[in-house]
Amino acid sequence: MRIRTPRQSRFRWSRGSVAELFSGRDNSLGLLRLLLASAVVLSHARVLGFGQREFGYSFSAGQTDMGKLSVFGFFILSGMLVTRSGNRLPVGRFLWHRALRLLPGLWVCLVVTAFAVAPFLYWRQHHGLAGFLGHSDGPLDYVRANFAIRVQQWGISGILDTAESKGLAYNRAFDGALWSLEYEVLCYLGVALLALAGARAGGVVRARRAVLAVTAVLGCYVLGEALTEPRLNIMEHPAREGMTAAVVGGYVVPWVFYLGFAFAIGALIEVYKERIPVSDLLGVLSGLTLLAALHYGWLYILGVPALAYLLLWLAIRLPRPFRKVGAKHDYSYGIYIYGFVVEQAVVALGGARWGFAAYLALCVAGTLVAAVLSWHLVERPAMRLKDIGLSRPVLPRQADRGDEARTGADPERDQDLARAGTRVP
């Protein structure tokens with residue numbers, strides 16, 4: 001099949017198309033992921049350490065805050081990159097790669113939290129470990145309950161309950177940031193279903209139509225809500241009167257639609273990358289639109305698409321030195337899954353009493369150490385197993401070879417989040 005190469009002349013008022021300028025490792029995605037993950041830690045520091053609203057809540061008129069907006073950014077980036085991965089791999093191999101990127105780091109985090117962090121904090125509180133293992137919400141229960149992505153036990157042996165009773169803690173979850181992972185996985189499964197149906201973005205027209213249709217359906221839901229309540233806070237949505245039935249199969253239905261909409265926008269960018277221009281003017285306008293939507297309302301229907309283009313534009317247009325940040329070592333997932341644990345540990349030890357600056361410095365240092373160890377000892381070694389069972393590496397399909405030949409890119413660059421990340425209560 002003849003592969004059409006997008007021409008920059010089609011976008012004379014821009015620098016070219018996304019297909020031409022956004023491929024492989026020559027971008028600033030590593031920096032953006034680190035900034036998003038760090039923003040989650042910074043935002044949580046205020047609520048976990050001092051019981052105050054997270055940064056950005058007042059500016060957004062109660063619609064969101066810095067941490068949750070960063071989660072939406074993660075879902076957007078994940079939509080772009082996971083869709084790219086799904087385009088070139090068989091479904092089974094695609095799911096294997098996603099599992100390797102997500103699960104080993106999560107499992108080790110659960111074990112470290114339950115059998116290293118928690119016993120130390122329990123010992124400090126009770127001057128011994130009597131009753132730690134046998135507690136109704138003990139460490140073994142914590143690992144077992146949360147092993148399969150969905151968090152079903154938030155505390156361990158009453159440690160944070162005790163800290164809260166002493167006026168030290170404001171949240172009883174050991175790792176509240178994990179809530180978004182199950183929604184991230186749900187989006188992965190959506191990509192897999194498209195692949196099974198033959199709806200892949202490697203030049204198949206109906207793939208684009210399928211992604212466009214899904215995005216439109218999700219967007220209509222978000223728009224309908226915005227017309228009723230322009231300044232809706234989606235994380236408080238299920239708590240509204242009459243929304244008690246908005247949970248199906250353990251998923252909060254509004255969160256599925258809103259986070260799915262962010263992911264779908266990222267996927268849409270990937271499958272229509274030949275038709276999307278990279279324009280400095282659009283980049284600036286997207287930033288201004290995001291700020292306006294944050295402050296005046298309609299964040300999710302106007303601000304989230306604007307955030308998607310802004311992140312894309314920054315990934316392409318930031319100066320070359322920024323592209324080296326996170327290019328080889330991706331600490332963002334480790335920062336995301338360990339940040340909450342470190343912050344709660346410092347809180348339980350009374351570290352917040354030293355003031356915000358000292359508390360944040362301790363949390364950032366501890367989180368960075370945990371993230372570096374997670375990447376080098378767990379995540380990176382796990383990803384080396386991605387081609388296990390194959391006699392030779394997976395080759396890109398014909399449509400992907402055209403992109404690879406033009407850019408020298410590695411299409412299977414696992415830069416997704418979700419780290420989600422999914423995903424921050």
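Residues numbered from 1 in each chain as written. Predicted model: local features only at pLDDT ≥ 70, side-chain atom pairs only at ≥ 80, totals over all residues. Heavy atoms only, no water.

## Concerning the packing of helix α2 (residues 29–50) against helix α3 (residues 66–88)
Stated formally: Only the stretch in contact is used when a helix axis is fitted, and all axes are lines through C-alpha atoms; the angle between N-to-C directions ranges over 0 to 180 degrees. Helix and strand assignments follow DSSP, with helices taken as H or I runs no shorter than four residues and strands as E runs no shorter than two, numbered in order from the N terminus. Oblique is the label for any angle not under 35 degrees, not over 145, and not in the 65 to 115 range, which are roughly parallel, roughly antiparallel and roughly perpendicular in turn. Note: crossing handedness is left-handed where the near helix turns anticlockwise from the far helix by less than a right angle, and right-handed where it turns clockwise. Should any heavy atoms of two residues lie within 4.5 Å, those residues are counted as being in contact. In this classification, Asp, Glu, Lys and Arg are treated as charged, Ala, Val, Leu, Ile, Met, Phe, Trp, Tyr, Cys and Pro as nonpolar, and every other residue, Gly included, as polar.
Contact geometry of α2 with α3 gives a least axis separation of 8 Å together with a crossing angle of 150 degrees. As far as their axial angle goes, α3 and α2 are roughly antiparallel. In this structure, α2 meets α3 at a crossing whose hand is left-handed. Residue-level inspection shows L29, R33, L36, A37, A39, V40, L42 and S43 of α2 in contact with α3, the latter providing M66, G67, S70, G73, F74, L77 and L81. Here the residues of the contact of α2 with α3 are counted per class, giving ten nonpolar, four polar and one charged.

## Thoughts on helix α5 (residues 139–146)
Applied cut-off: A 1.4 Å probe rolled over the protein chains alone gives each residue an accessible area, and that area as a share of the maximum for its type sets the label: buried under 20%, exposed over 50%, partly exposed in between. To obtain the arc, one takes the directions from the helix axis to the C-beta atoms.
For α5, the complete set of buried residues consists of P139, Y142, V143 and N146. Projected down its long axis, α5 carries its buried residues within an arc of 90 degrees, all on one side. Away from its buried face by more than 90 degrees, α5 exposes L140 and R144.

## With respect to the pattern of salt bridges
We apply this condition: We define a salt bridge as a side-chain nitrogen of Lys or Arg found within 4 Å of a carboxyl oxygen belonging to Asp or Glu.
Tallied over the entire structure, the rule returns 14 salt bridges. Ionic pairing is found between R101 and D330, a salt bridge with its closest N-O pair at 3.3 Å. Remark: D330 occurs in the loop between α11 (299–317) and α12 (332–348) and R101 occurs in helix α4 (residues 91–126); sequence separation between them is 229 residues. The same class applies to R101 as to D330, namely buried. Within the structure, one salt-bridge network assembled from shared partners comprises R33, R101, D330 and E379.

## A look at the environment of A173
Structurally, A173 can be placed in the loop between α6 (159–165) and α7 (181–196). With a relative accessible area of 9%, A173 lands in the buried category. Taking C-alpha positions, A173 is 8.7 Å from V341, a pair spaced 168 residues apart along the chain. Setting aside chain neighbours within four positions, we find A173 in contact with W154, L160, F340 and Q344.

## Re helix α9 (residues 253–271)
Short version of the rule: The length a helix should cover is 1.5 Å for every residue beyond the first.
The end-to-end C-alpha distance of α9, which contains 19 residues, comes to 26 Å, matching closely the 27 Å that a straight helix rising 1.5 Å per residue would cover. The element α9 is largely enclosed, with a buried count of 15 among its 19 residues.

## Considerations on the confidence of the model for the protein chain
Stated precisely, the cut-off is as follows: One number per residue, pLDDT, summarises how confident the predictor is, and it ranges from 0 to 100.
On average, the protein chain scores 85 in pLDDT, and the residues at 70 or more come to 84%. Low confidence marks residues 241–245, where pLDDT is under 50. Its contacts with residues over four positions away, or in another chain, come to four contacts. Per-residue pLDDT stays below 50 along residues 398–425; that stretch engages in 109 contacts with residues further than four places along the chain or on separate chains.

## Points about the packing of α3 against α7
Describing two packed helices takes the angle between their axes plus the distance from one axis to the other. At a minimum axis distance of 10 Å, the contact between α3 and α7 shows a crossing angle of 30 degrees. Here α3 runs over α7; the crossing is right-handed. Judged by residue contacts, F75, S78, V82, T83 and G86 of α3 engage Y183, E184, C187, Y188, V191 and A195 from α7.

## Re the environment of F74
Counting through the fold element by element, F74 comes out in helix α3. On a C-alpha basis, the gap between F74 and L311 in space is 9.9 Å, while along the polypeptide they are 237 residues apart.

## Side note on a nonpolar patch on the surface
Rules: Every patch collects residues that have over 30% relative accessible area and no salt bridge, joining them within 9 Å if they carry like charges and within 5 Å if they are nonpolar side chains (Val, Leu, Ile, Met, Phe, Trp, Tyr). Using a 1.4 Å probe, accessible areas were evaluated by the Shrake-Rupley method; residue-level cover was limited to the displayed protein chains.
Residues F59, L281, V284, L285, L288 and L291 make up a contiguous nonpolar surface patch of about 570 Å² in total accessible area. Tracing the backbone through its elements, the reader meets L291 in helix α10 (residues 280–296).

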